[in-house]
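Residue-level listing of the chains:
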Amino acid sequence: MTQSLPNKILSDVTKRLIQSTEKYGTRFLSRTIEEVSDIIQDQIKYLNTIDFDADFVDPRELIHLDTNKLSLHTERVQAFLDGKRVAPITIDMALTQKCSYACTFCYAGLQQNPSAPAIWNVYKNFLDDCKKIGHAPNECVKAISLVSDGESTESPYFQTFVEYAHTLGIDISVGTNGLRLENFDLDVLAECLTYLRINFNAAHPKAYQQVMGCSETSFNKVIQTTQTLISLIKEKGHKVTLGYQMVLMPEYADQVLPLASMCRDMGINYLVIKHCSDDEQGSLGVDYKWYQSEKADELLKYAERFSTATYSSQAKWSKIRTGRDRIYSKCYGTPLLLQMSGTGIVAPCGSFFHKDYSHNHIGDIKEESFYKIWASDDYMRVINFLRSEKFDAKSMCATLCLQDKVNEQLYNIIEKDGVLTKPKRIDNIPHTNYI
């Protein structure tokens, strides 16, 4: 079971925690929630007998991943509040809707449209336009994350896109399952990327395979690529932040502590544990009450205790504790944090990529330039609709969306006369152009 990682990498603590997940067999998604909870209690009892947290440092001392950064972009926010047509600070997009995984928690699977690949010139022109748009000179798009609704490493233009965005001075980052990274020049990626986040949902290889819907060999390939990246970053002094992300569901919550320990053993920068988003119909069946339970709270606090001065294991508490319900009804944040589909469709957010929401589609970069789309009447029509009385984010949107915390802050400013306050410290807040 632990042969999938070299023994010199895995600590005895990690091995013990991984082994504990086999208590009720290795059909990990067939277990009851009670059985999973029983395993977690066994894990916690074990951890209480050892000094696994002897080197503990507050996980947010090193890197704070659970915050929005609107207050670090006051000029752009003020221009937005003044009614100017601003460029998004951040664009979240994909270069394809393809993916070689079939993750059980994947929201993008609910948004599939017919495949529509684009040629390189479409992406080059898009990036050039990202530098041109804005309400004032140099107030253009500052950052792009390749996450959205597809696995961008499946695109033949992935590395070219990353390099060109970097050349233009746009921060570029990727969220990936990591499987195809071995096909690219990892040294170039580590040089150009602001962050590289690998979605990794289990420390047990068989649990990983079942939860992430992939082949038996995928676990090893991703681990090996991660180790190569770690070596390159240390050797070349690259500034990229390398981390793993776990999308937590109660069905496999016994993987949290083994994964937190394994990531520390490997030497990556962080593990972030987040909620799972669901659509307005609850198609994925996410139990948001569980996230707010005492059991989940205890589990995640133990996971954070694996943190050290060089490794951060942290939960995204702000969304985990929010539950399903929003405090706002109008969506204000999309002009500052825009999303685009791997099909080329420009929609305000990932909730509206599917053809069923075509009335909220603003344009398609395969058919017209991004500059024209951004400057169009349709752009403002959709943006204004989302902040009108005709729209209700509480009932017409996916839960805990990408823009959720940005929306909360803008709601407090616009509707509650709040103010944009800067955080007490910013040295632990990375990737400031990713709001």
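You'll find the structure just up there.
The rules behind each value
- Residues numbered from 1 in each chain as written.
- Predicted model: local features only at pLDDT ≥ 70, side-chain atom pairs only at ≥ 80, totals over all residues.
- Heavy atoms only, no water.
- Axes fitted to C-alpha atoms, helices over the stretch in contact; angles between N-to-C directions.
- Helix = DSSP H or I, 4+ residues; strand = E, 2+ residues; numbered from the N terminus.
- Parallel < 35°, antiparallel > 145°, perpendicular 65-115°, else oblique.
- Left-handed = near helix turned anticlockwise from the far one by under 90°.
- Contact = heavy atoms within 4.5 Å.
- Nonpolar A, V, L, I, M, F, W, Y, C, P; charged D, E, K, R; others polar.
- Phe/Tyr/Trp six-rings, centres within 6.5 Å; stacked < 30°, edge-to-face > 60°.
- Buried < 20%, exposed > 50% of the residue type's maximum accessible area, 1.4 Å probe, protein only.
- Core = buried A, V, L, I, M, F, W, Y, C linked by side-chain atoms within 4.5 Å.
- Salt bridge = Lys/Arg side-chain N within 4 Å of Asp/Glu carboxyl O.
- Arc of directions from axis to C-beta.

Participant: Where do I start with the packing of helix H4 (residues 74-81) against helix H17 (residues 404-414) in this structure?
Facilitator: The packing of two helices is summarised by the inter-axis angle and the distance between the axes. Packing of H4 against H17 brings their axes to within 12 Å, and their N-to-C directions diverge by 55 degrees. As summarised for this structure, H4 and H17 are arranged oblique, according to the angle between their axes. Between H4 and H17 lies a crossing of right-handed hand. Mapping the contact onto sequence places Val 77, Phe 80 and Leu 81 in H4 and Leu 410, Ile 413 and Ile 414 in H17. By residue class, the composition of the contact of H4 with H17 is 6 nonpolar, no polar and no charged.

Participant: Would you take a moment to explain the packing of aromatic side chains for this structure?
Facilitator: Any two aromatic rings considered together are summarised by their centre-to-centre distance and by the angle between their planes. Per the counting criterion, the structure on display carries 20 aromatic pairs. Summarising the aromatic geometry, the rings of Trp 120 and Tyr 164 are spaced 6.1 Å apart at their centres and angled 80 degrees between planes, so their arrangement reads as edge-to-face. With a gap of 44 residues between them, Trp 120 in helix H5 (residues 120-132) and Tyr 164 in helix H6 (residues 158-168) connect regions that are remote in the sequence. Seen in terms of ring centroids, Tyr 195 and Tyr 434 are 5.1 Å apart; in terms of plane orientation they differ by 65 degrees. Their pairing is edge-to-face. With Tyr 195 in strand E4 (residues 195-199) and Tyr 434 in the segment after H17, this residue pair connects regions lying 239 residues apart in the sequence. Just as Tyr 195 is buried, Tyr 434 falls in that class too. A connected cluster of aromatic rings, assembled from ring pairs, spans Tyr 101, Phe 200, Tyr 208, Phe 219 and Tyr 244.

Participant: What is the right way to look at helix H10 (residues 256-266) in this model?
Facilitator: Side chains of residues three or four places apart in an α-helix project in the same direction, reflecting 3.6 residues per turn. Across the 11 residues that make up H10, a large majority, 9, are buried. Residues of H10 that are buried: Val 256, Leu 257, Pro 258, Leu 259, Ala 260, Ser 261, Met 262, Cys 263 and Met 266. Residue Gly 267 follows H10 closely and has a positive phi angle near 95 degrees.

Participant: Hey, could you run me through the environment of Phe 200 in this one?
Facilitator: With respect to the helices, strands and loops of the structure, Phe 200 is situated in the loop between E4 and helix H8 (205-212). For Phe 200, a relative accessible area of 0% corresponds to the buried category. Excluding its chain neighbours within four sequence positions, the residues that come into contact with Phe 200 are Tyr 208, Met 212, Phe 219, Val 222, Ile 223, Tyr 244, Gln 245, Met 246, Leu 259 and Met 262.

Participant: Looking at this model, I keep getting lost on the nonpolar core. Mind explaining?
Facilitator: Among soluble globular proteins, nonpolar side chains are generally buried collectively. Membership of the largest hydrophobic core comes to 107 residues, with the highest contact counts inside it found for Phe 126, Ile 144 and Tyr 244. Residues Tyr 328, Ile 345, Ala 347 and Phe 352 belong to the second largest nonpolar core, which totals 14 residues.

Participant: What am I meant to see in the pattern of salt bridges here?
Facilitator: Taken as a whole, this structure holds 20 salt bridges when the rule is applied. Here Arg 60 and Glu 304 are joined by a salt bridge, their closest N and O atoms 2.7 Å apart. Placement of Arg 60 in helix H3 (residues 59-62) and of Glu 304 in helix H12 (residues 294-304) is noted, with a sequence separation of 244 residues between them. Ionic pairing is found between Arg 321 and Asp 297, a salt bridge with its closest N-O pair at 3.2 Å. Placement of Arg 321 in the loop between helix H13 (317-320) and strand E8 (337-340) and of Asp 297 in helix H12 is noted, with a sequence separation of 24 residues between them. Exposure remark for Asp 297: the relative accessible area of 21% places this residue in the partly exposed category. A cluster of three or more residues bridged by salt bridges with shared partners is formed by Arg 326, Asp 404, Lys 405 and Glu 408.

Participant: For this particular structure, what's the right way to read the side chain of Ser 145?
Facilitator: Along the chain, Ser 145 turns up in strand E2 (residues 143-146). Setting aside chain neighbours within four positions, we find Ser 145 in contact with Ile 91, Asp 92, Met 93, Ser 173, Tyr 195 and Tyr 434.

Participant: Before we go on, may I ask you to explain helix H15 (residues 377-386) in this structure?
Facilitator: For H15, the complete set of buried residues consists of Tyr 379, Val 382, Ile 383 and Leu 386. An end-on view of H15 places all buried positions within 100 degrees of arc, on one side of the element. Close packing links the buried residues of H15 with helix H14 (370-375).

Participant: Help me understand the packing of helix H1 (residues 12-20) against helix H2 (residues 33-47), please; the structure alone is not making it clear to me.
Facilitator: For the pair H1 and H2, the least separation of the axes is 10 Å and the interaxial angle reads 155 degrees. Compared by their axis directions, H1 and H2 come out roughly antiparallel. Two packed elements cross with a definite hand, and for H1 against H2 that hand is right-handed. Note on element contacts: H2 touches H1 through Ile 39, Gln 43, Tyr 46 and Leu 47, opposite Asp 12, Val 13, Arg 16, Leu 17 and Ser 20.

Participant: Before we go on, may I ask you to explain unusual backbone geometry in this structure?
Facilitator: For residues besides glycine, phi is generally negative; the peptide bonds are generally trans as well. Phi is positive for Asn 138, close to 65 degrees, though the residue is something other than glycine. Following the sequence through the fold, Asn 138 ends up in the loop between H5 and E2. Even without being a glycine, His 431 presents a positive backbone phi close to 50 degrees. Mapped onto the elements, His 431 comes out in the segment after H17. Note on His 431: relative accessible area 13%, which makes it buried.

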